[in-house]
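Geometric and topological summary
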Amino acid sequence: MNALVWVGRLVFAVIWGAMLANIIWPFPGKGFPLFLILLLVLVALHLLQLLMFTTVYREHIQWRRGDFWQIFLFGVVGWLAIVQAQPRRKQQD
């Protein structure tokens, strides 16, 4: 499962890279508006996931500051990484 989380992070890093590259170096033709819309959809969906996860699981999960960024950047993959890290976090506290 740990390897799948890293593969998912890599996939999302490539996606974010393509979206941000479109802003810095606009893609020709209809690529620019398409990737701009996809970027807005990606941000909206990840913010919605962040809102859902934090409101539902606030009492059940030990949250750290970077967890919010992890969900925003990686979505469900970030959530899986947070859930996977819970046993180690409980041992440390």
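This text gives an overview of the structure that appears in the document. (Residues numbered from 1 in each chain as written. Predicted model: local features only at pLDDT ≥ 70, side-chain atom pairs only at ≥ 80, totals over all residues. Heavy atoms only, no water.)

1. Observations regarding the nonpolar core
In terms of nonpolar packing, the biggest core is built from 10 residues, these being Val-5, Phe-12, Trp-16, Met-19, Leu-39, Leu-42, Phe-72, Phe-74, Val-77 and Ala-81. Every element with two or more residues in this core is listed here: helix H1 (2-24), helix H2 (31-57), helix H3 (65-74) and helix H4 (76-92). For this core, the leading source of residues is H1, giving 4 residues. Beyond its immediate sequence surroundings of up to four residues, Val-5 is in contact with Val-77, Leu-80, Ala-81 and Gln-84. Leu-50, Phe-53, Trp-63 and Ile-71 belong to the second-largest nonpolar core, a separate cluster that totals 7 residues. (Core = buried A, V, L, I, M, F, W, Y, C linked by side-chain atoms within 4.5 Å. Buried < 20%, exposed > 50% of the residue type's maximum accessible area, 1.4 Å probe, protein only. Helix = DSSP H or I, 4+ residues; strand = E, 2+ residues; numbered from the N terminus. Contact = heavy atoms within 4.5 Å.)

2. Re the packing of H2 against H3
Running from N to C, H2 and H3 point in directions that differ by 140°, and their axes come no closer than 8 Å. Looking at the two axes, H2 sits oblique to H3. Crossing handedness for the pair H2 and H3: right-handed. Judged by residue contacts, Val-43, His-46, Leu-47, Gln-49, Leu-50, Phe-53 and Thr-54 of H2 engage Phe-68, Ile-71, Phe-72, Leu-73 and Phe-74 from H3. Here the contact of H2 with H3 is composed, by residue class, of 9 nonpolar, 3 polar and no charged. (Axes fitted to C-alpha atoms, helices over the stretch in contact; angles between N-to-C directions. Parallel < 35°, antiparallel > 145°, perpendicular 65-115°, else oblique. Left-handed = near helix turned anticlockwise from the far one by under 90°. Nonpolar A, V, L, I, M, F, W, Y, C, P; charged D, E, K, R; others polar.)

3. So, the pattern of salt bridges
According to the stated counting rule, one finds 1 salt bridge in the structure shown. In this structure, Asp-67 engages Arg-89 in a salt bridge whose closest nitrogen and oxygen atoms are separated by 2.6 Å. On the criterion of sequence distance, the pair formed by Asp-67 in helix H3 and Arg-89 in helix H4 is long-range, its members being 22 residues apart. In terms of burial, Asp-67 and Arg-89 fall into one category: buried. (Salt bridge = Lys/Arg side-chain N within 4 Å of Asp/Glu carboxyl O.)

4. Some remarks on the environment of Phe-72
Of note, Phe-72 is situated in helix H3. Looking at Phe-72, the relative accessible area reads 16%, which means it is buried. In this structure the C-alpha to C-alpha distance between Phe-72 and Trp-16, which are 56 residues apart in sequence, comes to 11 Å. With residues up to four places along the chain from it excluded, the contact list for Phe-72 reads Trp-16, Val-43, His-46 and Leu-47.

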